[in-house]
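# Breakdown of the fold
Below are the chains, spelled out letter by letter.
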Amino acid sequence: MTIVERFTSVDADDFPAPTGREEEWRFTPMARVAPLLAALTPSARLRVDATAPDGSSWGVGPRAPAGALRPADRVSALALAGAPRTLAVRIAPGARLTEPVMVRATAESAARDAEPGIAYEHLVVTVGAGARATVVVEYGGATAGAEAAAEADAAAVADAAAVAENVEIVVGDGAQLDYVSVQDWAPGAVHLAAHAIVVGRDATVTHTAVTLGGALVRLAPTVSFAGPGGTAQLRGVSFAGASQHLEARLYVDHAAPDCTSAVRYKNALAGADARTVWVGDVRIRPAATGTDTFEVNRNLVLTEGARADSVPNLEIETGEIAHAGHASATGRFDDIELFYLRSRGIPEAAARRLVVRGFFAEVIDRIGVPELQTRLMAAIENRLER
């Protein structure tokens, strides 16, 4: 079998303008992505507020060159070249954070009275060797403590904003990071983000993506291992409503020995033209002996007119591995579960909500930030009631 190398480049001109027939774009509604396919001057930005406990720091500075990231598509390369600034979150070596770093990002116009438009963003998270930390980044919605008028203005801008973003996460040797990305945009927003994760020797990274809002949200996490003994867990949940397109494209590159990766993504869909896409690709290179990897995607279709696409891939270039596998399933409510709940006096509507809560809780309850978990489950409950 011939393995085709994944093409990457920091030069956007190396990526022809996509038509939608390319493998990496074939599921994406190109009409919604069109504003992000040409180089331009950003006319929007993310208003960023952060809380950094002792042992961590954050700041906004001039645009930094790519470190861990190598863009794999035209939008990512354009965003890297066009981002006017870099937001940096740093965890000191050896730090043991008892509270999470909380980052809130809300779309707003780059100039007063400007029309909503494109935002290019660049976020770099660096975790020093031996550190332990949780970093939560929430997109969309009003920032805590903002005045009502400011909240309304931010929501109006977010409704039409298009954000192209690159996120670099570098975790040092022996460190542990729990990274949570929450996409809860207003209905008309478009958000395309590439997440590049580098796992150091004997380090552990848990990357959790929760996507609830936005017209189109497409996340592309990639993982590489900088040394042996690394562990990467990628978890995700999304709830697509009418006309929403929520897409996740994952690439895990095992090039170091004795590393572990586990992928678990769960999607629910309700409403006409609700759409989710999950593409998971794990590559095990010849040097990656002792690899242990498994990826799972589950899709729960709640109404007619919704569609879930699931594409798991494994590229194995050595037989000296511990384990490798994948699983994918798409279906409707389990009639046995509903019958069991209804037979105990629970009304059908409430029983359906309980099933969906349990479906998502497997991922959300592992985030480890109770206040955030409560808010996310409440948001899912609100959508179910509607």
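Rules used in this analysis
- Residues numbered from 1 in each chain as written.
- Predicted model: local features only at pLDDT ≥ 70, side-chain atom pairs only at ≥ 80, totals over all residues.
- Heavy atoms only, no water.
- Phe/Tyr/Trp six-rings, centres within 6.5 Å; stacked < 30°, edge-to-face > 60°.
- Buried < 20%, exposed > 50% of the residue type's maximum accessible area, 1.4 Å probe, protein only.
- Lys NZ or Arg CZ within 6 Å of the ring centre and 35° of its normal.
- Helix = DSSP H or I, 4+ residues; strand = E, 2+ residues; numbered from the N terminus.
- Polar contact = N/O pair within 3.5 Å; in protein donor to acceptor, adjacent residues only side chain to side chain.
- Contact = heavy atoms within 4.5 Å.
- Salt bridge = Lys/Arg side-chain N within 4 Å of Asp/Glu carboxyl O.
- Core = buried A, V, L, I, M, F, W, Y, C linked by side-chain atoms within 4.5 Å.
- Expected span 1.5 Å × (residues − 1).
- Axes fitted to C-alpha atoms, helices over the stretch in contact; angles between N-to-C directions.
- Parallel < 35°, antiparallel > 145°, perpendicular 65-115°, else oblique.
- Left-handed = near helix turned anticlockwise from the far one by under 90°.
- Nonpolar A, V, L, I, M, F, W, Y, C, P; charged D, E, K, R; others polar.
- Pairing = 2+ DSSP bridges.

### Here's the deal with the packing of aromatic side chains
All told, the structure shown has four aromatic pairs when counted by the stated rule. Ring plane angle 70° and centroid distance 5.3 Å describe the contact between Phe7 and Phe15, whose orientation is recorded as edge-to-face. On the basis of relative accessibility, which here comes to 47%, the residue Phe7 falls in the partly exposed class. Between the aromatic rings of Phe359 and Phe360, the centroid separation amounts to 5.5 Å while the plane-to-plane angle is 65°, which identifies the pairing as edge-to-face. Residue classification places Phe359 among the buried positions, given a relative accessible area of 13%. An aromatic cluster is defined as three or more aromatic residues linked by ring pairs; in this entry it consists of Phe239, Phe359 and Phe360. Just above the ring of Tyr251 sits the side chain of Arg6; from NZ or CZ to the centre is 4.4 Å. Directly above the aromatic system of Phe239 lies the positively charged group of Arg383, at a separation of 4.9 Å from the ring centroid.

### Notes on helix H2 (residues 74-82)
Within H2, seven of the nine residues are buried, which leaves it mostly tucked inside the rest of the structure. Of the residues that open H2, the one with a side-chain oxygen 3.1 Å from the backbone nitrogen of Val75 is Asp73.

### Brief notes about the side chain of Thr318
Structurally, the position occupied by Thr318 is in the loop between strand E17 (307-316) and strand E18 (323-331). In this structure the side chain of Thr318 is engaged in a polar contact, spanning 3.2 Å, whose partner is the backbone nitrogen of Glu320. If sequence neighbours within four positions are ignored, Thr318 has contacts with Ile284, Arg285, Pro286, Ala288 and Thr289.

### Focus on the environment of Ala72
Position of Ala72 among the secondary structure elements: in the loop between strand E2 (56-62) and H2. Ala72 gets classed as partly exposed once you look at its relative accessible area, which sits at 24%. Measuring from C-alpha to C-alpha, the distance between Ala72 and Thr222 comes to 9.8 Å, with 150 residues separating the pair along the chain. Not counting residues within four places of it along the chain, the set of residues in contact with Ala72 comprises Arg6, Phe7, Thr8 and Phe15.

### Looking at the pattern of salt bridges
Taken as a whole and judged by the stated rule, the model has 18 salt bridges. Here Asp309 makes a salt bridge to Arg275, at a shortest N to O gap of 2.6 Å. Of this pair, Asp309 sits in strand E17 while Arg275 is found in strand E15 (residues 275-284), placing the two residues 34 residues apart along the sequence. Judged by relative accessible area, Asp309 falls into the buried class, the value being 12%. For the salt bridge of Glu381 with Arg357, the shortest nitrogen-to-oxygen distance reads 3.1 Å. Of the two residues, Glu381 sits in helix H6 (residues 370-385) while Arg357 sits in helix H5 (residues 348-364), which places them 24 residues apart along the sequence. Taking the relative accessible area as the measure of exposure, Arg357 reaches 30% and is therefore partly exposed. One salt-bridge network, held together by shared partners, links Glu23, Arg26, Asp73, Arg218, Glu247 and Arg249.

### Thoughts on the nonpolar core
In terms of nonpolar packing, the biggest core is built from 61 residues, with Leu123 and Tyr179 touching the most fellow members. If we skip the residues at most four places from it in the chain, Tyr179 touches Leu123, Val125, Val135, Val137, Val167, Ile169, His195, Thr206, His207 and Thr208. With 27 residues, the next largest nonpolar core counts Leu300, Leu341, Val369 and Met377 among its residues.

### What about the side chain of Ser261?
On the secondary structure map, Ser261 appears in strand E14 (residues 260-269). Judged by relative accessible area, Ser261 falls into the buried class, the value being 2%. Of note is the side chain of Ser261, whose polar atom sits 2.8 Å from the side chain of His254. For Ser261, the contacting residues outside a window of four places in its chain are Phe225, Ala232, Val252, His254, Asp292, Thr293 and Phe294.

### With respect to H6
An ideal rise of 1.5 Å per residue puts 22 Å on 16 residues; H6 measures up with 22 Å between its terminal C-alpha atoms. For H6, the set of buried residues is Leu372, Gln373, Leu376, Met377, Ile380, Glu381 and Arg383. Residues of H6 that are buried sit in contact with strand E6 (132-139), strand E8 (176-184), strand E10 (204-213), strand E12 (231-240) and H5.

### Some points on the packing of H5 against H6
Any two packed helices are characterised by how steeply their axes cross, that is the angle between the axes, and by the distance between the axes. Put simply, H5 and H6 touch, their axes get as near as 11 Å, and they point 150° apart. On the basis of their axis angle, the class for H5 and H6 is roughly antiparallel. In this structure, H5 meets H6 at a crossing whose hand is right-handed. Between H5 and H6, the contacting residues are Arg353, Val356, Arg357, Phe360 and Ile364 on the first element and Gln373, Leu376, Met377, Ile380, Glu381, Leu384 and Glu385 on the second. Its residues assigned to classes, the contact of H5 with H6 comprises seven nonpolar, one polar and four charged.

### Description of the pairing of E12
Extensive coverage of E12 is indicated by the burial of eight of its 10 residues. In this structure, E10 lies alongside E12, joined through eight bridges in parallel fashion. By the bridge assignment, Val210 is partnered in E12 with Val237. When E12 meets E14, the two strands line up parallel, connected through 10 bridges. Counted as the bridge partner of Arg235 is Arg264 from E14.

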